[in-house]
Amino acid sequence: MAAAAGGSDLIRFASETNLRHLRIVPDNTKFDFMRFRRVSFPMSALLSIIAILLYFHPGLNLGIDFRGGTLIEVQEKSGPADLAKMRATLSQLNLGDVQLQQFGGPENVLIRISEQPGGETAQQEAVAKVKGALGESVEYRRVEVVGPRVSGELLSYGTIGIMLAIGGILLYLWFRFEWQFALGAMIANVHDLVLTIGFMSLSQIDFDLTSIAALLTILGYSLNDTVVIYDRIREMLRRYKKLSMPDLLNTSINATLSRSIITHVTVTLSLLALLLFGGQAIHSFTATMMFGVVLVGTYTSVFIASPILIYLGVGTGRRESEEPEEAEKPRQPKEAQPRKPAREVRPVARR
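Below you will find a few notes about this structure.

Criteria and thresholds
- Residues numbered from 1 in each chain as written.
- Predicted model: local features only at pLDDT ≥ 70, side-chain atom pairs only at ≥ 80, totals over all residues.
- Heavy atoms only, no water.
- Axes fitted to C-alpha atoms, helices over the stretch in contact; angles between N-to-C directions.
- Helix = DSSP H or I, 4+ residues; strand = E, 2+ residues; numbered from the N terminus.
- Parallel < 35°, antiparallel > 145°, perpendicular 65-115°, else oblique.
- Left-handed = near helix turned anticlockwise from the far one by under 90°.
- Contact = heavy atoms within 4.5 Å.
- Nonpolar A, V, L, I, M, F, W, Y, C, P; charged D, E, K, R; others polar.
- Polar contact = N/O pair within 3.5 Å; in protein donor to acceptor, adjacent residues only side chain to side chain.
- Phe/Tyr/Trp six-rings, centres within 6.5 Å; stacked < 30°, edge-to-face > 60°.
- Lys NZ or Arg CZ within 6 Å of the ring centre and 35° of its normal.
- Salt bridge = Lys/Arg side-chain N within 4 Å of Asp/Glu carboxyl O.
- Buried < 20%, exposed > 50% of the residue type's maximum accessible area, 1.4 Å probe, protein only.
- Pairing = 2+ DSSP bridges.

**Regarding the packing of helix α8 (residues 209-239) against helix α10 (residues 257-277)**
Okay, so step 1: Here α8 crosses α10 at 165°, and the two axes come no closer than 11 Å. Between α8 and α10, the crossing angle belongs to the class labelled roughly antiparallel. Our pair here, α8 against α10, has a crossing hand that is right-handed. Between α8 and α10, the residues in contact are Y221, N224, D225 and V228 and R259, S260, T263, H264 and V267, respectively.
Okay, so step 2: Considered class by class, the residues forming the contact of α8 with α10 number 3 nonpolar, 4 polar and 2 charged.

In C-alpha cells form, the structure reads like this:
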C-alpha cells in the first residue's frame, strides 16, 4: 500500500510539473501587415533615392584598404601597448588618417596610415616620421605600402564578389521557388544594400574590407529571413485555394513571427555587445551590421519582400474569396430519397 501510494505521488508530481512552452507570439495572432504596403513602398522608394544621392555626395569614406596607404606592425618591448598614448603621439605628425588596431597579444599593434600625396617618396617619409616618433620602445616587425593600384584591385574584387553573390542568390531562388519569388527576393536584397550604403555615406564610417564582409553578411541574413517567409507562403498557396492573397500573406508572416522576433533579438544583443565593447578595429563592421540586419533586414522581409508578391502576380490563378477557409470542404452527399413502399399484393380469393 505504501509503495502504491508513493507511486501515485510520483505520478502526480510528474504531471504537475509539466513545463510550458515559451510562446513569444500567441498562436492566434492576426496582425494585418499588408495594410501598410501602400505606405512602405513609397517610403522605401524615397529612402532609396536619398541613399543614392548620398552615395554621390558626400560619398563613401574609403578606408586605407581602398585608398592606399602604409601598414606598420609594431610590438611594444616593455609590455602591453598604450594605444591612447600612441595615438596621441602619431596624431601630432599630421599624416592624415591614422588607425591603430590591437591584435594577437596586448603588446602587438597594427598602424595604418593613409596614402600621402607625393608618391612612393612621401610614403617612405611617413614611415620615417612614425619610427622617429615611436623611437626604440617598439620593435618594427612589418612595414607594407598599399599603393593605389592594389587598393583599386581590392575595391573591384569586392564589388565583383557582391555581384556574384547577388547572381547566385537569384539562381538559387529561381530553382527553389517560382521566378516571382526570386525577383521579389532580389528586389528586397538590393533595397537592403542601397539603404545600407546610404547609411555608410551619411555616417561617414570607414568603408574597408570589413564593410564588404558586412554587406555580404547582410545579403545572406536578409535572404535567410525572406526564404523562411517565402517557404511558408508557398505552403499556404498549396493548402488554401480560396484564401485571398493579402490574407494568405498575413497568415504566413504571423505564423513565422515568433521565430523572427527570437532571431532578431538574439542577433541584436550580439551586435550591440560587439559595437559597445569590440573596439575600433571592428566598429565599421558592427555598425554596418547593426543597421543592415536589425533595422533594414527585418523591415524588408516583412514589408517589402512579402507584399511585392501581390504586384508580381503570385496566386492570380487561384479563386479568391474574402473569407478564409481552413480547407476544402468535402462534398456533401445527396440526401437519400425515401423509397416508395411496395404495393401490397392481395391474394385473389377463389370462387
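After presenting the structure, the write-up continues.
**Structural notes on the side chain of D225**
Okay, so step 1: Secondary-structure assignment places D225 in helix α8.
Okay, so step 2: Side chain to side chain, D225 and H264 meet in a polar contact 3.4 Å long.
Okay, so step 3: In this view, D225 contacts R259, S260, H264, G297 and S301; residues no more than four positions away in its chain are not counted.

**A look at the packing of aromatic side chains**
Okay, so step 1: Enumeration over the complete set of coordinates arrives at 11 aromatic pairs.
Okay, so step 2: R35 extends its terminal NZ or CZ atom over the ring of F31, reaching a point 5.7 Å from the ring centre.
Okay, so step 3: Lying over the aromatic face of Y140, K131 brings its terminal NZ or CZ to 5.5 Å of the ring centre.

**Some remarks on the pattern of salt bridges**
Once their charged atoms are close, side chains differing in charge can pair, the charge on each being opposite to the other.
Okay, so step 1: For the structure on display, the rule yields 4 salt bridges.
Okay, so step 2: The salt bridge partner of R234 is D231, with a shortest N-O separation of 2.8 Å. Of this pair, R234 and D231 both sit in helix α8, separated by 3 residues, roughly a single helical turn.
Okay, so step 3: According to the relative accessible area criterion, R234 is partly exposed, its value standing at 22%.
Okay, so step 4: One salt bridge connects R232 with E235, and the closest N-O pair in it is separated by 3.6 Å. Of this pair, R232 and E235 both sit in helix α8, separated by 3 residues, roughly a single helical turn.
Okay, so step 5: Owing to a relative accessible area of 27%, R232 belongs among the partly exposed residues under this scheme.

**Things to note about the sheet that holds strand β4 (residues 108-114)**
Okay, so step 1: Strands sit in the order β3-β4-β2-β5 across an open sheet of 4 strands; the sheet is antiparallel. The sheet is open, and its two borders are formed by β3 (98-102) and β5 (138-146), each paired with just one other strand. Neighbour to neighbour, the strand axes of the sheet diverge by 20° on average, direction disregarded.
Okay, so step 2: Sheet topology places strand β2 (residues 69-76) next to β5; 8 bridges connect them, and they run antiparallel. Paired with I72 across the two strands is V143, which belongs to β5.
Okay, so step 3: Packed onto the sheet, helix α4 (residues 83-91) meets β2, β3 and β4 and runs at close to 160° relative to β3.
Okay, so step 4: Running over the sheet, helix α5 (residues 120-134) touches β2, β4 and β5 and is turned about 165° from β5.

**A few points about unusual backbone geometry**
Okay, so step 1: The omega angle of the peptide bond from H57 to P58 is 10°, so this bond is cis rather than trans.
Okay, so step 2: By the element assignment, P58 lies in the loop between α2 (37-56) and β1 (61-62).
Okay, so step 3: The phi dihedral of Q204 falls on the positive side, at around 60°, and the residue is not glycine.
Okay, so step 4: Following the sequence through the fold, Q204 ends up in the loop between α7 (179-203) and β6 (206-207).

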